[in-house]
2 protein chains.
Amino acid sequence: MNLKNVSRRKFVGGLAAALGYVSTGPNLDVFAQGQPGPQRRPGPGAPGVGRPSEADYDSFAKLANNENNYGIPDSVMQAMTDHWKYAGRYGYPDPGINQAIAEFDGVKPENVMVTAGSGEVLDVVGTTYCTNGKKVLGVEPSYSQVYQHATTIKSDAIKLPLTKDYRQDIDMILDAAKKHQDEIGFVYVCNPNNPTGQIVTKDEIKQLLDGLPAGMPVLIDEAYHHYVDDPNYATSMPYVNEGRSVIVARTFSKIAAMAAMRIGYAVAPTALVQQMRPYASGSVNVLARYGATATLKNKPMMEEVKRKTIATREKTIKDLRALGYEVIPSQSNFFMVGLRRDVQPVIQAFREEGVLVGRPFPPMTQHLRVSVGVPEDMERFLVAFKKIMSQPTTTARG
Amino acid sequence: MNLKNVSRRKFVGGLAAALGYVSTGPNLDVFAQGQPGPQRRPGPGAPGVGRPSEADYDSFAKLANNENNYGIPDSVMQAMTDHWKYAGRYGYPDPGINQAIAEFDGVKPENVMVTAGSGEVLDVVGTTYCTNGKKVLGVEPSYSQVYQHATTIKSDAIKLPLTKDYRQDIDMILDAAKKHQDEIGFVYVCNPNNPTGQIVTKDEIKQLLDGLPAGMPVLIDEAYHHYVDDPNYATSMPYVNEGRSVIVARTFSKIAAMAAMRIGYAVAPTALVQQMRPYASGSVNVLARYGATATLKNKPMMEEVKRKTIATREKTIKDLRALGYEVIPSQSNFFMVGLRRDVQPVIQAFREEGVLVGRPFPPMTQHLRVSVGVPEDMERFLVAFKKIMSQPTTTARG
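Our subject in this report is the structure included herewith. (Residues numbered from 1 in each chain as written. Chains lettered and ligands numbered in written order. Predicted model: local features only at pLDDT ≥ 70, side-chain atom pairs only at ≥ 80, totals over all residues. Heavy atoms only, no water.)

## Some details on the sheet that holds strand E4 (residues 156-161) of chain A
Residue and element names in this part refer to chain A.
And step 1. Spatially, seven strands are ordered E2-E8-E7-E6-E5-E3-E4 in an open sheet, and the strand pairing comes out mixed. In the strand order of this sheet, the two ends are held by strand E2 (112-115) and E4, each with one partner. On average, each strand axis in the sheet is tilted by 25° relative to the strand beside it, whichever way the strands run.
And step 2. Looking at chain direction, strand E3 (residues 135-140) and strand E5 (residues 184-190) are connected through three bridges and run parallel. (Pairing = 2+ DSSP bridges. Helix = DSSP H or I, 4+ residues; strand = E, 2+ residues; numbered from the N terminus. Axes fitted to C-alpha atoms, helices over the stretch in contact; angles between N-to-C directions.)

## Some thoughts on the packing of aromatic side chains
And step 1. All told, the structure shown has 23 aromatic pairs over all chains when counted by the stated rule.
And step 2. Aromatic side chains Tyr-57 of chain A and Tyr-86 of chain B sit 5.5 Å apart centroid to centroid with 75° between the ring planes, which places their arrangement in the edge-to-face category. Of the two residues, Tyr-57 of chain A is situated in helix H3 (residues 54-59) and Tyr-86 of chain B in the loop between helix H4 (74-81) and helix H5 (97-105); the pairing between them involves two chains. Per residue, the accessibility class of Tyr-57 of chain A equals that of Tyr-86 of chain B, and both read buried.
And step 3. Ring pairing ties together the aromatic residues Tyr-57 of chain A together with Tyr-86, Tyr-92 and Tyr-290 of chain B, which thus form one cluster.
And step 4. Cation over ring: Lys-62 of chain B sits above Tyr-57 of chain B, and NZ or CZ is 4.8 Å from the ring centre.
And step 5. Sitting above the plane of the Phe-104 of chain B ring, Lys-299 of chain B keeps its charged end 5.0 Å from the centroid. (Phe/Tyr/Trp six-rings, centres within 6.5 Å; stacked < 30°, edge-to-face > 60°. Buried < 20%, exposed > 50% of the residue type's maximum accessible area, 1.4 Å probe, protein only. Lys NZ or Arg CZ within 6 Å of the ring centre and 35° of its normal.)

## Describing helix H13 (residues 299-322) of chain B
All names here are of chain B.
And step 1. The end-to-end C-alpha separation of H13 is 34 Å, in line with the 34 Å expected for 24 residues at 1.5 Å each.
And step 2. Within H13, the full set of buried residues consists of Met-301, Met-302, Val-305, Lys-306, Thr-309, Ile-310, Thr-312, Arg-313, Thr-316, Ile-317 and Leu-320.
And step 3. Residues of H13 that are buried sit in contact with H5, helix H12 (286-296), strand E9 (327-328), strand E10 (334-338) and helix H15 (375-389).
And step 4. Backbone geometry just after H13 places Gly-324 at a positive phi near 100°. (Expected span 1.5 Å × (residues − 1). Contact = heavy atoms within 4.5 Å.)

## A short note on the pairing of E5 of chain A
Along any regular strand the residues' side chains alternate between the sheet's two faces.
Residues and elements named next belong to chain A.
And step 1. Of all seven residues making up E5, seven are buried, and the element is well covered by its neighbours.
And step 2. Here E5 runs beside strand E6 (residues 218-221); their pairing, made up of four bridges, is parallel. Looking at the pairing, Cys-190 lines up with Asp-221 of E6.
And step 3. As for the winding sense of the linkage, the β-α-β connection from E5 through helix H9 (residues 202-211) to E6 is right-handed. (Right-handed = clockwise from strand over helix to strand, strands pointing away.)

## Structural notes on the pattern of salt bridges
Residue and element names in this part refer to chain A.
And step 1. By the definition in use, this model includes 29 salt bridges over all chains.
And step 2. Put simply, Lys-159 and Glu-140 hold a salt bridge, and the shortest N to O gap is 2.8 Å. In this pair, Lys-159 is assigned in strand E4 and Glu-140 in strand E3, connecting sequence segments 19 residues apart. With respect to class, Lys-159 is no different from Glu-140; both count as buried.
And step 3. Beyond isolated ion pairs, a larger network of salt bridges with shared partners links Lys-206, Asp-210, Glu-242 and Arg-244. (Salt bridge = Lys/Arg side-chain N within 4 Å of Asp/Glu carboxyl O.)

## What about the pairing of strand E12 (residues 367-371) of chain B?
Residues and elements named next belong to chain B.
And step 1. Within E12, five of the five residues are buried, which leaves the element mostly enclosed by the surrounding structure.
And step 2. Of the two faces of E12, the one lined by His-367, Arg-369 and Ser-371 and the one lined by Leu-368 and Val-370 are each fully buried.
And step 3. Where E10 meets E12, five bridges bridge the pair, whose relative direction is antiparallel. Pairing of Gly-338 across the sheet is with His-367, part of E12.

The values reported here are purely geometric and, on their own, carry no functional implication.
Here's what the structure looks like:
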């Protein structure tokens, strides 16, 4: 199947077809990246359905959600546990998180909006800019919470296919943005992209921002920024300082290992911060605030996790390629391996082997997304991979 | 000053006048009830302004924000610290919080929407129902975050005065709801009311719900529910089971002593839950989830805090009355004392004595709201009160 052609045909078929395509997407993200613990948006009457027991969960090798399996470092844990005394308070002293973010990212504190994870940034951008039926424009597969939120607020998404080498096609995004200018509330770029791990280069980001209609907001999701070592990549923070209509999303859920603590942030020009703030909960846990602030002051910890993760990723990719499988090059703490068979039963088979791997990312239904854990996790993954892939899997799906 | 006449005149003067009145309200809630830690909605460029140092803050008697100064009980702390292992995870096992809430409140799990504090419920209700310029209808003073949120999303508030004995005037609310039916997005009732501590009786709630235009949503904020012992009061949870357009807000920030952990919930008919959910962050800290679930299973803890708080409150009120001051009877963990002088300089004087007391609640600018702490807190409060009130305070205001 040529993904690009299939999807392009749908896109070229016009907006209605493109939107029809959106609606065929499965809703499989509920346990995923921005998912803040159980039941982000559960179906009524179904709390906890499909959740493992605590003992089962603890026993799994967790390679499904791009978490940092090294866990929270001691210095950050200390910063959190030192502040239990404020757990019952409202007006507790400011740990200086806005200032710490501003220093870390080279922006001003007033450009920073701290949120309950970067997932909240994605939702808030949607609620702020997808009013009056305006749509989000982005690629597929990408982090689909953005597109799902658009549909829940009665907006919608225009989703473009990736290139043949799984990259975001900036020319195609620009064409679509211009063609559908009046319909678009904002453009979404995940960089590096989840689930492919591919970057948009700094030159491509510049091309995008220079080429988009003036004032069209661009949400650049840098959840995996800290894992990139490709010199062709750069953060988009400097564009905020230039006053461009750019919102950069960051999170402490990935390299900082604080996914369930729920803290992230947006960096944007103050005019955009003011537009978004009414729709942000502003409700961030005190321990998360102290932990995140301590994280920002511990760059060597992040560098160490990055180094170890990249080494483990490259070793695993090498092993998979030696087994004859195509692996998409990655700049993040996950990668995609081509299975040459339907991914859904393979995911289930991994679970039966005690290994949690990524959900399906249609239309890439023959690729498996694997998060990079600690070396022991990857050993369990490889043992299970060899076992599962040496057998035929059923293709029956519920 | 007859508050009722002043405000009624403005209200009778029509919506424009009423809205003009709204706009005169000060924006002093930033460190208050729903304030989730530092900088809920900071002015750009002013992060941390006015925040005390950690040492200063720790030394204060904290009677400003209706917190539970007894703190988190050991069993709840244990439930939280036992689950640090999930701090970096997304898909961790469900502690069963929706089910625990449903059992505690006699509703169904599908009626429950867990949020990052009840402040998030208030904002989400505003975002959901104050669209197309629709307004919130309620009394003043009440918990003003609701009204402030309305203005930030380009909506507005219709605020009615309290009765002479500081109660919510149900007849007046019904009159206004009918007169302005097409303009109103939802009705807000804080029960018991913050800052007065007065309840709306169960008969009055029934009168309100039976009398309102069909389908008009009513947000009943029961943040202080757990402190009420007046037999004329009842929770409004049963109206959710009847399918009325009622949203009940609850929080773990008050009697559960978890303000900075950020967890609360809404209970509403499923149709309303579905309308609100797209605007909720869904982003709740894992430790807060486990702690809240443990709290719901520890009713004796709540009963003990309630009993001790009421005893301390009544003793303090008795002492203030013995000094010749009017105190409004309270059904909550705070009360208002009439100062017969402007409250603002008194608040500052208390701070200089190491005691944090409530912010001003216009138009009740000569009443001080005092949270009920542990007995030692109230002793510090009374010593400071006698000292401050024995001296004239300046009435100069910045």
